[in-house]
Structures are given as C-alpha cells and as structure tokens.
Amino acid sequence: MSDEFPSVAEVLAQEPSVLVLDARGAVLTCTPTALRLFEGSIDKIRGVEISAFFDDPSAWAELVAGALGGIMLSARADLHTVRGAPFSAVAAVSVLAEGAEGRFLVRLIRAESPGSGPQAVRRPVPTAEQVLAKDPRALERLELLHDAATRIGGSLDVTRNAEQLLDVLIPAFADLGAVDLTEGVLLGEEPMSFPPGTPMQRIAVAAASGCWPRESHPVGETFRIGHEEAEHLRKGTPGVLPDLHLARAALKDDAERAALMLPPDATSLMVLPLLVRGGVLGAVGLWRTGTRAPFDPADVTLADEIGTRVSLSLDNARRYNLERRTAEALQRGLLPRPVVEVGAAKTFGAHLPARAVTGIGGSWYDVIALSSSRVGFVVGNAGGQGMNATAAMGRLRAAVQTLTDLDLSPDEVLSHLNDLVVRFAEDEEQRDVVPAGSVHGATCLYAVYDPITGHCVLASAGHPGPVLVSRGGAEADMVPVRPGLPLGEGAEPFEASELQLSPGDVLSFYTGAPARDPFHTRALTVVREGTAGGVEGGRPVTEIGGRILEKLLQEPLDDDLALLVTQVRRLPEDATAAWELAADPSIVAGVRRQVADRLTSWGLEHLVFTTELIVSELVTNAIRYGGAPVGLRLIRDQRLICEVSDPSQTQPHLRRARWTDEGGRGLFLVAQLTHRWGSRYTGAGKTIWTEQLLEEVP
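Structural notes, computed from the coordinates. All values reported here derive from a predicted model rather than from experimental measurement.

### Here we look at the sheet that holds strand 27 (residues 676-682)
And then number 1: If you walk across this open sheet you meet the five strands as 24-25-26-28-27, and the pairing is antiparallel. Single-partner strands in this sheet number two, and they are strand 24 (576-581) and strand 27. Adjacent strand axes in the sheet meet at a mean angle of 15 degrees, parallel and antiparallel pairs treated alike.

Printed below as a string of structure tokens:
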C-alpha cells in the first residue's frame with residue numbers, strides 16, 4: 001500500500017459522487033454528480049452491478065470485503081463510464097445495513113491521473129451503528145432517495161407522477177403535501193416565465209391522517225399566487241418556514257394566502273419549486289404538524305434532490321401529453337363527424353386510441369356520398385403509431401376520397417390506391433426514410449351501397465369483411481369477402497364481392513388483424529354480439545355503436561380501433577322516375593313535359609325551369625353523340641338528381657366556348673345551373689349526372 005493515496009477523511013471531505021447499492025452490489029440510486037461521472041442516466045445505471053464499471057473487478061471485491069469487516073477502504077482504481085470512456089477515481093465503501101436486504105454506500109472522487117492498479121489504505125472507520133447513532137436519520141434519508149428513484153417517473157400521466165411523489169413523501173417526510181402545476185403545463189405547453197397571477201391548479205394532495213383539511217385548496221381548484229411567491233418559484237430554490245406562528249399572525253387578514261400556505265395544525269412549511277430548463281412547472285407544498293421536528297437544511301437538500309427528479313418526470317409526461325393531444329386533434333380533424341345521415345344510410349363512427357404510450361394509430365373510417373344517392377363506406381388501418389401513423393392515415397383517406405370521386409368500382413379504387421402506395425414507398429426508399437407510420441402494408445375495405453336497388457359491392461386489401469345483421473334477425477354473420485394483399489405488397493387485381501341488402505340491415509365495419517390475434521378476436525366478438533343485440537332490440541344505429549364502444553372500453557385496448565356501424569335504407573319507389581328514350585331529337589320537347597309533370601307531383605315546381613334546361617341539353621347531346629338507347633332517370637333524395645345514360649364511353653369535357661364558336665356551351669350552362677355534376681362509366685356505356693339543391697339558395 002502506498003501513502004500517496006488519500007485517507008478516508010480526505011475522501012469524505014471532497015465533493016463525492018455517492019451511490020447506494022443493494023446486497024448484490026447493484027445500483028439502487030445515486031446523486032446527480034454520480035450520473036455526470038458515469039456519463040449516463042439513472043435508467044442506464046440502476047440495477048447494474050458496480051463491479052461492471054471496474055476494469056479490475058477484484059478491486060471492487062477487496063473494497064467490499066473490507067467494508068464487511070468493519071473497515072472502510074479508500075482505493076484508487078481504473079473505471080469506465082456507461083459509454084466506455086476510461087477514468088480513475090478514489091473510492092470509499094461502507095455498509096449501511098447488513099443481511100439479505102443489505103445496503104452499501106459508495107463514495108467516488110475522480111482522480112487526476114490513472115491509477116497503477118487497485119491499491120488501498122486500510123483504516124478503521126465508525127461502524128454503521130455508530131454512524132446512525134450520530135445521525136439517526138441518515139438511513140431514513142437514503143431510503144427516501146431510493147424510494148423516490150424507484151417509485152417516481154414510471155408513468156407518462158402528469159397526475160399520476162404527482163401522486164407517486166406524495167406517496168413517497170407522505171408520511172415519511174411530511175404530514176401534508178400538495179402538488180400545484182400551471183394550467184399551461186397541464187395542457188402540454190412549454191414551461192415559460194412565471195409572472196405573478198399565473199393560474200395554477202392543484203392536481204394532487206395527501207395527508208398522513210388520510211383526511212385533507214377542508215380549509216385548504218382541494219384537488220381540481222384553480223388559484224393564483226402573488227408577486228412574492230412567484231419570485232420565489234422563479235429562483236428555483238426550496239423555501240422553508242420552520243415556524244408558522246409568525247406567518248399566521250402576518251396573514252390573519254389575507255384569507256386567500258392563508259388557505260394556500262397555512263393548513264390547520266401545520267407547524268412547518270417547505271415549498272419545493274418544480275423547474276425544468278429555467279421554466280416553472282409548478283410547486284410542491286409540504287407541511288409538518290404537531291410535535292414533529294421542523295424542516296432543517298438537511299431536509300432541504302434531500303427535497304431538492306427529489307424535486308429535480310420529479311420535475312424531469314413531470315416534463316416527460318407533459319411532453320407526451322402534448323404529442324398525444326396533437327395526434328388526437330389531428331386524427332379528429334382527419335376523420336368524418338361521428339354521425340352521418342344520408343338518404344342511403346345512417347352511420348355511427350368512432351376511433352378508439354390504445355392504452356399504449358403511443359396509442360394514436362393509423363386506424364380510420366369514412367363515409368363518402370357518391371353520385372346517384374349511393375354511399376361509400378371505408379375502413380382501414382395504416383401501420384405504425386403516433387403522429388406518423390396519423391399522417392399516413394390522412395394520406396390514405398385523402399387518396400381514397402379523390403379516387404371515389406371518379407365513380408370507379410371498389411376493386412378499381414383499391415387497384416389505383418395500391419399503385420399510389422407503391423409510388424409512396426418508392427419515394428420513401430429513395431429518400432432513405434423509414435417512418436414510424438407508413439402507407440405501405442396498410443389495409444383497406446371499400447364498399448358501395450345503392451339505396452335504389454339495395455345492391456352492395458365490396459372489395460378488400462387485406463382487411464376483414466364487416467359484420468352483417470339482417471333486419472329482425474339475431475344472427476351476426478361475417479360478410480364473405482375475398483381480401484387481396486395489403487396495399488403496396490403485390491400487383492394482383494382485387495376481387496369484388498356482391499351483396500343484396502334490405503332496408504334496416506346493419507353493417508358493422510371495424511379495423512382488425514388476423515383471427516389469431518387475441519385482442520382482435522375479443523373485439524370481433526364484442527362487435528358481433530353488440531350488433532346482433534342492438535338489431536334484435538330495435539335500437540337506433542347510434543345506440544348500437546355506443547353500446548359496442550362501451551363494451552370495448554371495459555378492458556384496455558392493446559391497439560387502436562376504428563368502428564363504423566351503418567344501417568342501410570332504401571329510397572321509396574315514388575322517389576325515382578325513369579324513361580328509356582329513342583335516339584330521335586323530336587322527342588326532347590315531350591321529355592321536358594314529362595319531367596315538369598314529375599317535379600310538380602314532387603312539389604318541386606321551383607326547379608322545373610332549370611331541370612328542363614338540363615334535361616334538354618343532356619338528352620340532346622346523348623342522342624347526337626351517343627346513340628340509342630338513351631336512359632333518363634330522376635331521383636328525389638336530399639337533392640334532386642338527374643341522370644342521362646347512353647352507350648358511348650366518350651367522356652364529356654367542360655370548356656369555355658369562344659364568341660366565334662357555334663357550340664360548346666351546353667355543359668358550361670349545365671355546370672352553372674347545378675350544385676355539382678359528373679360522369680361515370682357503366683357496363684353499357686356512361687352516365688352523366690347532375691345534382692340540384694332542393695331549397696333555393698338566397
């Protein structure tokens with residue numbers, strides 16, 4: 001042993017890095033200086049045996065052997081940080097408690113130069129019992145630090161973090177405790193400067209007696225603090241009033257400040273500011289009552305250590321809440337309103353986030369009004385979670401809406417959507433982007449329902465079919481669909497499935513995974529039973545959907561889920577009128593009269609003139625350019641719909657005619673007279689359709 005090594009007293013006199021170890025030598029907790037010394041976070045150090053940081057583990061074994069023998073060993077040894085960077089330190093080890101639940105206290109001081117191997121100076125030191133006799137609360141404080149390190153910060157819920165803090169401190173450290181945070185922090189905002197009058201809300205309280213004083217602010221109450229208190233919180237140092245007698249006399253006429261600072265029976269007060277990056281999150285109020293010793297400087301040091309950890313935990317929870325709120329707001333903005341009612345159906349839709357940390361996923365649903373009173377139902381799931389998954393879902397939903405505006409069949413829509421996803425994936429690959437949420441591999445189910453015929457066509461890209469319950473029936477059947485591959489995973493064509501529905505039938509679409517997934521197996525069971533029970537009980541679709549949601553939420557969701565429950569309708573027979581016309585221009589005048597008579601019988605006399613012009617133009621063009629047979633159909637729904645069909649597959653193009661042109665103004669006139677118009681291909685040619693609002697727009 002060389003005399004160049006410092007004595008135990010010299011080790012203790014310097015600024016040490018302190019670690020508390022369990023009986024195995026694994027780190028339980030440590031001071032911030034130790035974290036800086038090892039260049040790591042507490043999560044990377046906790047649970048790791050300290051010998052793993054010694055280049056020569058036998059040096060640590062020698063230190064432990066001496067400590068167990070009642071001798072503190074001071075030794076210089078070579079160690080390395082969490083990242084592997086080497087350093088030398090002088091170490092001293094003592095025993096705090098013995099046995100299976102034993103504790104070691106390690107003090108490390110960084111040495112200026114590397115050591116020449118593990119050497120030690122053996123000197124007798126006081127035993128643990130002697131140390132505790134001199135300061136009986138030393139072990140209590142260390143245990144409190146250990147509890148704070150292990151019990152606080154395991155949640156990303158702001159309120160839960162505050163409750164965990166009070167669980168540690170009450171009654172071990174104080175008799176009463178309250179956590180107050182600024183309203184901005186509770187909303188996820190960045191902690192900012194803290195001017196006087198900043199609103200604060202009490203989010204957690206605890207009392208050793210189990211009963212919080214009625215005279216003090218309860219949980220949920222909002223209050224404002226004055227200039228003096230705000231200035232103290234901005235400074236960031238714990239404040240102590242060891243004796244509250246003078247404070248009671250000074251605040252006897254200030255009921256608001258007294259309610260904040262002076263609970264009945266309280267004898268000593270400590271205010272612990274919660275700061276992060278120079279901004280104020282809030283404060284922790286701690287009180288001791290009765291004959292308990294007032295707070296002292298050692299208590300302030302201990303509380304400051306705990307407060308630093310709590311501030312970081314609360315800030316992590318705040319940032320998570322902000323991201324989650326942002327993702328939820330984005331998802332709500334991208335999804336349709338929950339209840340949609342059109343002539344073809346009434347629907348109820350909802351998105352349920354998962355219980356996981358990144359519970360916002362890429363599940364979505366949509367209800368799209370199509371031409372000729374038809375309606376499209378969409379449900380799908382983009383991969384990933386969080387903001388990226390929400391963004392991927394938004395891209396898919398926008399693409400589906402654009403494609404459905406082309407009036408394509410469901411299988412054609414999915415084919416075009418698949419091509420689009422392939423291009424998205426190629427772009428991501430070229431940019432070397434691997435997002436947390438991607439359209440590649442997403443699933444989608446698209447169904448189109450016609451309320452005039454009751455015909456429904458479905459196509460699926462890797463998505464399960466909906467649950468169908470017929471009106472008056474109690475059996476819930478899975479609609480048989482032939483799902484193709486998920487989007488972007490193949491070039492095979494998608495197959496369409498056909499279904500004939502009756503008025504009152506209920507379809508429940510949901511996002512799901514393969515049947516082997518236990519979560520989605522449970523979700524499917526709930527959807528089937530809820531739909532069948534609702535239809536059998538004659539409940540409206542909103543109530544059916546609400547009951548399914550209530551049942552799904554009885555257990556935490558392992559994955560986010562989208563639900564769309566729809567009850568289909570049929571338009572009355574007298575709500576449509578159809579004619580098959582010969583390719584003869586002379587019949588146009590008679591057609592106009594028939595249209596006028598039908599609109600009059602519907603009570604739509606105010607639309608006769610414009611509809612006659614529309615029919616005259618479209619029928620004339622169909623006869624001139626399309627040939628026989630020409631079909632004309634009027635549909636009275638939430639809007640007046642006019643359809644003209646012909647066997648030609650040449651699509652019309654709207655253009656602005658020049659003054660010298662003899663024609664070309666027909667479609668331009670139609671566009672001016674209608675709310676919207678369009679065309680679609682059919683098996684026998686094409687159909688041009690227009691929509692007019694039933695109510696006159698002022």
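### Quick notes on the packing of helix 7 (residues 158-169) against helix 12 (residues 297-334)
And then number 1: The N-to-C vectors of helix 7 and helix 12 enclose an angle of 160 degrees; their axes lie 8 Å apart at closest approach. With respect to their mutual orientation, helix 7 and helix 12 come out roughly antiparallel. Handedness of the helix 7/helix 12 crossing: right-handed. On the side of helix 7, the interface is formed by Val 158, Asn 161, Ala 162, Leu 165 and Leu 169, while helix 12 contributes Ile 306, Val 310, Ser 313, Leu 314, Ala 317, Arg 318 and Asn 321.
And then number 2: Each residue belonging to the contact of helix 7 with helix 12 can be placed in one class, and the counts come to eight nonpolar, three polar and one charged.

### Focus: the pairing of strand 24
And then number 1: Where burial is concerned, the two faces of strand 24 differ: the one with Ala 577, Trp 579 and Leu 581 is buried and the one with Thr 576, Ala 578 and Glu 580 is not.
And then number 2: Pairing of strand 24 with strand 25 (residues 630-636), which is carried by six bridges, proceeds in the antiparallel orientation. Bridging from a neighbouring strand, Ala 577 pairs with Leu 634 of strand 25.

### Quick word on the pattern of salt bridges
And then number 1: All told, the structure shown has 23 salt bridges when counted by the stated rule.
And then number 2: Salt-bridge contacts for Glu 341 lead to Arg 569; the nearest nitrogen and oxygen are separated by 2.6 Å. In this pair, Glu 341 is assigned in strand 13 (residues 339-341) and Arg 569 in the loop between strand 23 (561-568) and strand 24, connecting sequence segments 228 residues apart.
And then number 3: Taking relative accessible area as the criterion, Glu 341 reaches 41% and is therefore assigned partly exposed.
And then number 4: On the basis of relative accessible area, Arg 569 is assigned to the partly exposed category, the value being 28%.
And then number 5: A salt bridge links Arg 676 to Glu 691; its shortest N-O distance comes to 3.0 Å. Here Arg 676, found in strand 27, pairs with Glu 691, found in strand 28 (residues 685-693); they are 15 residues apart in sequence, far enough to count as distant.
And then number 6: On the basis of relative accessible area, Glu 691 is assigned to the buried category, the value being 4%.

Criteria and cut-off values
- Residues numbered from 1 in each chain as written.
- Predicted model: local features only at pLDDT ≥ 70, side-chain atom pairs only at ≥ 80, totals over all residues.
- Heavy atoms only, no water.
- Pairing = 2+ DSSP bridges.
- Helix = DSSP H or I, 4+ residues; strand = E, 2+ residues; numbered from the N terminus.
- Axes fitted to C-alpha atoms, helices over the stretch in contact; angles between N-to-C directions.
- Parallel < 35°, antiparallel > 145°, perpendicular 65-115°, else oblique.
- Left-handed = near helix turned anticlockwise from the far one by under 90°.
- Contact = heavy atoms within 4.5 Å.
- Nonpolar A, V, L, I, M, F, W, Y, C, P; charged D, E, K, R; others polar.
- Buried < 20%, exposed > 50% of the residue type's maximum accessible area, 1.4 Å probe, protein only.
- Salt bridge = Lys/Arg side-chain N within 4 Å of Asp/Glu carboxyl O.

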